[in-house]
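# Structural features, examined
So the chains spell out like this:
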Amino acid sequence: MLASFLDAPKRVTVKEIPIPKLAIGDILVRMEASGICGTDLEKIEGQLGPGGILGHEVSGTIEKVADNITDYKPGERVVAHHHVPCYHCLDCSNGNYTLCHEFKKTNIDPCGFAEYFRVPQYNVARGAVIPLPPELLFEEGAMIEPAACCIRAIRRAHVQKSDNVLVVGLGPTGLTQIQLLRNATSGRIIGSDVIEARLKLGKKLGADETVNALTEDILSHVRKLTKDGVDLAVVSTGNEKALSQAFNSVRRGGRILLFGAPSHGASYQLNVSELFSRQITLLSSYSCVEAEMEEAIRLVSERRLDLKSLITDRFKIRDAEKAMEFAKTSKTAIKTIILP
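Structural notes, computed from the coordinates. (Residues numbered from 1 in each chain as written. Predicted model: local features only at pLDDT ≥ 70, side-chain atom pairs only at ≥ 80, totals over all residues. Heavy atoms only, no water.)

Right, let's talk about the side chain of His 82 for a bit. Structurally, His 82 can be placed in the loop between strand 5 (77–80) and helix 2 (90–93). Among the residues examined, His 82 registers a relative accessible area of 6% and is labelled buried. Residue contacts for His 82: discarding those within four places in its chain leaves His 56, Thr 106, Asn 107, Ile 108, Asn 123 and Glu 145. (Helix = DSSP H or I, 4+ residues; strand = E, 2+ residues; numbered from the N terminus. Buried < 20%, exposed > 50% of the residue type's maximum accessible area, 1.4 Å probe, protein only. Contact = heavy atoms within 4.5 Å.)

Here the focus is the packing of aromatic side chains. Following the criterion strictly, the structure yields three aromatic pairs and no others. Ring geometry for Tyr 87 against Tyr 97: centres 5.3 Å apart, planes inclined by 55°, an arrangement best described as tilted. With a gap of 10 residues between them, Tyr 87 in the loop between strand 5 and helix 2 and Tyr 97 in the loop between helix 2 and strand 6 (116–119) connect regions that are remote in the sequence. Measuring from centroid to centroid gives 5.4 Å for Phe 315 and Phe 326, while their planes differ by 50°, and the two rings are tilted. Here Phe 315 is found in strand 14 (residues 311–316), whereas its partner Phe 326 is found in helix 12 (residues 320–329), with 11 residues between them in sequence. Of note, Arg 77 hangs over the ring of Phe 138, and the distance from its end group to the ring centre comes to 4.3 Å. (Phe/Tyr/Trp six-rings, centres within 6.5 Å; stacked < 30°, edge-to-face > 60°. Lys NZ or Arg CZ within 6 Å of the ring centre and 35° of its normal.)

Judged by pairing direction, the sheet is parallel, and its six strands sit side by side in the order 10-9-8-11-12-13 without closing on themselves. Strands with a single pairing partner mark the edges of an open sheet, and in this sheet they are strand 10 (209–212) and strand 13 (281–284). Averaged over all pairs of adjacent strands, the angle between their axes in this sheet comes to 20°, without regard to strand direction. By the bridge criterion, four bridges tie strand 8 (residues 165–168) to strand 11 (residues 230–235) in an arrangement that is parallel. Bridge pairing links Val 165 to Leu 232 in strand 11. Contacts from helix 7 (residues 196–204) reach strand 9 (189–193) and strand 10, with the element oriented near 170° to strand 10. (Pairing = 2+ DSSP bridges. Axes fitted to C-alpha atoms, helices over the stretch in contact; angles between N-to-C directions.)

The subject of this paragraph is the nonpolar core. If you look at the biggest cluster of nonpolar residues, it comprises 46 residues, and the most contacted ones within it are Ile 144, Leu 181, Leu 232, Leu 307 and Leu 310. At the level of secondary structure, the elements contributing two or more residues to this core comprise helix 5 (144–156), strand 8, helix 6 (172–184), helix 7, strand 11, helix 11 (290–301) and strand 15 (335–339). No other element matches the eight residues that helix 5 contributes to this core. Leaving out residues up to four positions away in the same chain, Leu 307 has contacts with Glu 140, Met 143, Ile 144, Ala 147, Thr 176 and Val 300. In this structure, Leu 6, Ile 36, Val 58 and Ala 320 belong to the second largest nonpolar core, which totals 36 residues. (Core = buried A, V, L, I, M, F, W, Y, C linked by side-chain atoms within 4.5 Å.)

This paragraph deals with unusual backbone geometry. Leaving glycine aside, a negative phi is the common case for residues, and trans is the common case for peptide bonds. Omega for the bond connecting Asp 109 with Pro 110 falls within 30 degrees of zero, at 0°, which places this linkage in the cis form. For Gln 279, which is not glycine, the phi dihedral falls at a positive 50°. Relative to the helices and strands, Gln 279 is located in the loop between helix 10 (272–277) and strand 13. By relative accessible area, Gln 279 is classed as exposed at 60%. Residues other than glycine seldom take positive phi values, yet Arg 303 does so here, at roughly 60°. In this fold, Arg 303 is placed in the loop between helix 11 and strand 14. With relative accessibility at 47%, the residue Arg 303 sits in the partly exposed group.

Residue placement: Thr 210 occurs in strand 10. Side-chain polar atoms of Thr 210 contact the backbone oxygen of Leu 199, separated by 3.2 Å. Here Thr 210 is in contact with Leu 170, Gly 191, Leu 199, Gly 202 and Lys 203, once residues within four sequence places are set aside. (Polar contact = N/O pair within 3.5 Å; in protein donor to acceptor, adjacent residues only side chain to side chain.)

Put into structure tokens, the structure is as follows:
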């Protein structure tokens, strides 16, 4: 089978390797669609530290199950989650599942950008292979994991019914968050980005106003719509400079939610005195668990969340290197999908 690997910083290759063999409790999935995440691009650039497995936003068809598996059968359509908590430790008991020490130790084998991937027993036993309803496309299935991450983040932000919100960065997750926020608040939603295609789609998906951060003054737009500033600013990009937009736009007593993964070792000079005196709450949210993935599937099935509109480009797995470069540099791409 073909699979894509990060051999060295900025070096993606596609190799022919054996199809993974199954051990007790494992499931083999034939990949049907796999999304390129911003963290994949950051891994390639070395921004998240050395190495890393590429591809985790996956959907597919079960090809084979281990002999002791009875709950799943070949031919079933599924999405799979790569990181899974233990559900028993202190962090898990407190609902902080993505802080579990086991969470990042788990993964699919060999990666998500492969014609077939193995879901290990640990993941299978904890519900990380989730049925994909027949009304959902495989490409929508590949968007379930990032949508679930957004669901977890918005929940952690404790959005109120009248909150005014700024979303900084209108990539696939920022555009998903706009939709979730539109369902959660009747307040004003403002989106900012530097790519016109994303600004246009943000307006279509529920933002009251979108602002080009390169050519327009974000703060003046925020003040025009909210007077005192937004109640919540969501930073949906890993660029730490976006924190300035959020910090300047949030009202006294407001909240800032860090969602986009910053580069390894990234820093930001924060005016701690102002943070203190304005009583701003700084939150962060990382990844998701199976419950949020199931909720994402439900929202898409009920057509309360549009993931299909976010998919703009598709590449075959043999062209994975070209796909990564395109996703990184394109001024029109929103979500790029890898197909077998």
